[in-house]
Amino acid sequence: MSKRVITEAKKTPERVWLGEVSAVVLQQALADLNTAYRNFFASLVGKRKGPKVAPPRFRSRKDNRQAIRFAKNARFQVTAGGKLRLPKIGDVDVRWSRFLPAEPSSVTVVKDAAGRYFASFVVEVAERPLPSVESETGIDLGVSAFAVLSNGRKIDSPRFLRRAGKKLKRLQRALSRTAKGPNNRAKARLKIARQHAKVTDARREFHYQLFTQIIRENQTVIVEDLAVAGLARTRLAKSVHDAGWS
């Protein structure tokens, strides 16, 4: 498969552009396809637990997310100056969120719908368990209040999407007024994507800070088993998605 769709395809006029990127990136895409088919066939015969897995499909042209992965043999590296050196791309400036605790084995570069780029590294580190504590807690999730702990503590729901609703409504109305094709429509779509990215980032930060605090303060955490996918199809769908229970 690799010989047919990579090595031989590069020699054809229609696929000569494949030579513009590292061959490792193309091989990683084939590896992902192989994993997707294995999961699909294992799901068909019942060897894979959980919900049924659909067969792989081509990425939609309307999907504005992109991702590439460089493995160890791609010879990527973090330079002494703190830049990320990628094959056939060069040195990329990085705003580091944290220092790498060990030598990375792979790096995935992701471009999201808002046009932002992220680099995610795979590293191996020694396990450092949290100190043992005596307390335990139970969590009851809700819509009016995000969560109520068994000790009586009530955590209000930030409702990030609801709070941004007015601005999103204005941006979506502006998008609907633009004609298909011109750059103005792409700019309007990007503004909406950036606003949604702000909502997602704020929600994720809220979750991480809250649950980091909970697991550090408790030895046992008990959470009710909610059918989030089912609740997301009811009249509470917007509130459920806004809370981010899953």
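Please refer to the structure higher up on the page.
For clarity, every value in this text was computed on a predicted model and none was experimentally measured. (Residues numbered from 1 in each chain as written. Predicted model: local features only at pLDDT ≥ 70, side-chain atom pairs only at ≥ 80, totals over all residues. Heavy atoms only, no water.)

Draft legend 1. Highlighting the layout of surface pockets. Empty space within the second largest pocket amounts to approximately 330 Å³. Taken together, M1, V5, I6, R15, W17, L18, E20, V21, V25, L26, A29 and L30 make up the lining of the second largest pocket. Broken down by secondary-structure element, the contributors of at least two residues to the lining of the second largest pocket are α1 (2-7) and α2 (23-44). Looking at the lining of the second largest pocket, the element that brings in the most residues is α2, giving 4 residues. Broken down by class, the residue content of the lining of the second largest pocket amounts to 10 nonpolar, no polar and 2 charged. (1 Å grid on protein atoms, 1.4 Å probe; cavity = no way out; pocket = protein on both sides within 12 Å on 5 of 7 lines; lining within 4 Å. Points joined across faces, edges and corners; volume = space filled by probe spheres on them. Helix = DSSP H or I, 4+ residues; strand = E, 2+ residues; numbered from the N terminus. Nonpolar A, V, L, I, M, F, W, Y, C, P; charged D, E, K, R; others polar.)

Draft legend 2. Unusual backbone geometry, seen in detail. Of note in the backbone geometry, R75 takes a positive phi value of approximately 65° without being a glycine. By the secondary structure assignment, R75 is in the loop between β1 (66-71) and β2 (77-78). Despite not being glycine, R159 has its phi angle at roughly 50°, a positive value. Among the secondary structure elements, R159 is positioned in the loop between β9 (154-156) and α3 (160-163).

Draft legend 3. Quick peek at the packing of helix α4 (residues 165-176) against helix α5 (residues 183-217). As a packed pair, α4 and α5 sit with axes 9 Å apart at the nearest point and diverge in direction by 165°. The orientation of α4 relative to α5 falls into the category roughly antiparallel. Where α4 crosses over α5, the two elements pack in a sense that is left-handed. Only R185, A188, R189, K191, I192, Q195 and H196 of α5 make contact with α4, whose side of the interface consists of K167, L168, L171, Q172 and L175. Tallied by class, residues from the contact of α4 with α5 come to 5 nonpolar, 3 polar and 4 charged. (Axes fitted to C-alpha atoms, helices over the stretch in contact; angles between N-to-C directions. Parallel < 35°, antiparallel > 145°, perpendicular 65-115°, else oblique. Left-handed = near helix turned anticlockwise from the far one by under 90°. Contact = heavy atoms within 4.5 Å.)

Draft legend 4. Examining the sheet that holds β1 more closely. Ordered in space as β1-β5-β6, the 3 strands form an open sheet in which the pairing is antiparallel. With one partner strand each, in any of the chains shown, β1 and β6 (117-122) form the two edges of the open sheet. The sheet shows a mean angle of 15° between the axes of neighbouring strands, direction not considered. Pairing analysis gives 6 bridges linking strand β5 (residues 106-111) to β6, with the strands arranged antiparallel. Of the residues in β6, the one forming a bridge with V109 is A119. (Pairing = 2+ DSSP bridges.)

Draft legend 5. Spatial organisation of the nonpolar core. Residues I139, F146, A147, I155, F206, L210 and W245 are the most contacted members of the largest nonpolar core, which totals 22 residues. Only β7 (136-141), β8 (145-149), α3, α4, α5 and α7 (237-243) provide two or more residues apiece to this core. For this core, the element with the highest residue contribution is α5, accounting for 6 residues. Each residue touching F206, except ones within four places of it in the same chain, is listed here: F146, I155, D156, P158 and F160. Formed by 11 residues, the second largest nonpolar core is a distinct cluster that contains F70, L84, L86 and F121. (Core = buried A, V, L, I, M, F, W, Y, C linked by side-chain atoms within 4.5 Å. Buried < 20%, exposed > 50% of the residue type's maximum accessible area, 1.4 Å probe, protein only.)

Draft legend 6. Just the packing of aromatic side chains, in detail. Applying the stated criterion to the full structure yields 6 aromatic pairs. Ring plane angle 45° and centroid distance 5.3 Å describe the contact between F40 and F41, whose orientation is recorded as tilted. For F40, a relative accessible area of 15% puts it in the buried group. We classify F41 as partly exposed; its relative accessible area is 47%. Here the aromatic rings of F160 and F206 are separated by 6.1 Å at their centres, their planes lie at 65°, and the arrangement is edge-to-face. (Phe/Tyr/Trp six-rings, centres within 6.5 Å; stacked < 30°, edge-to-face > 60°.)

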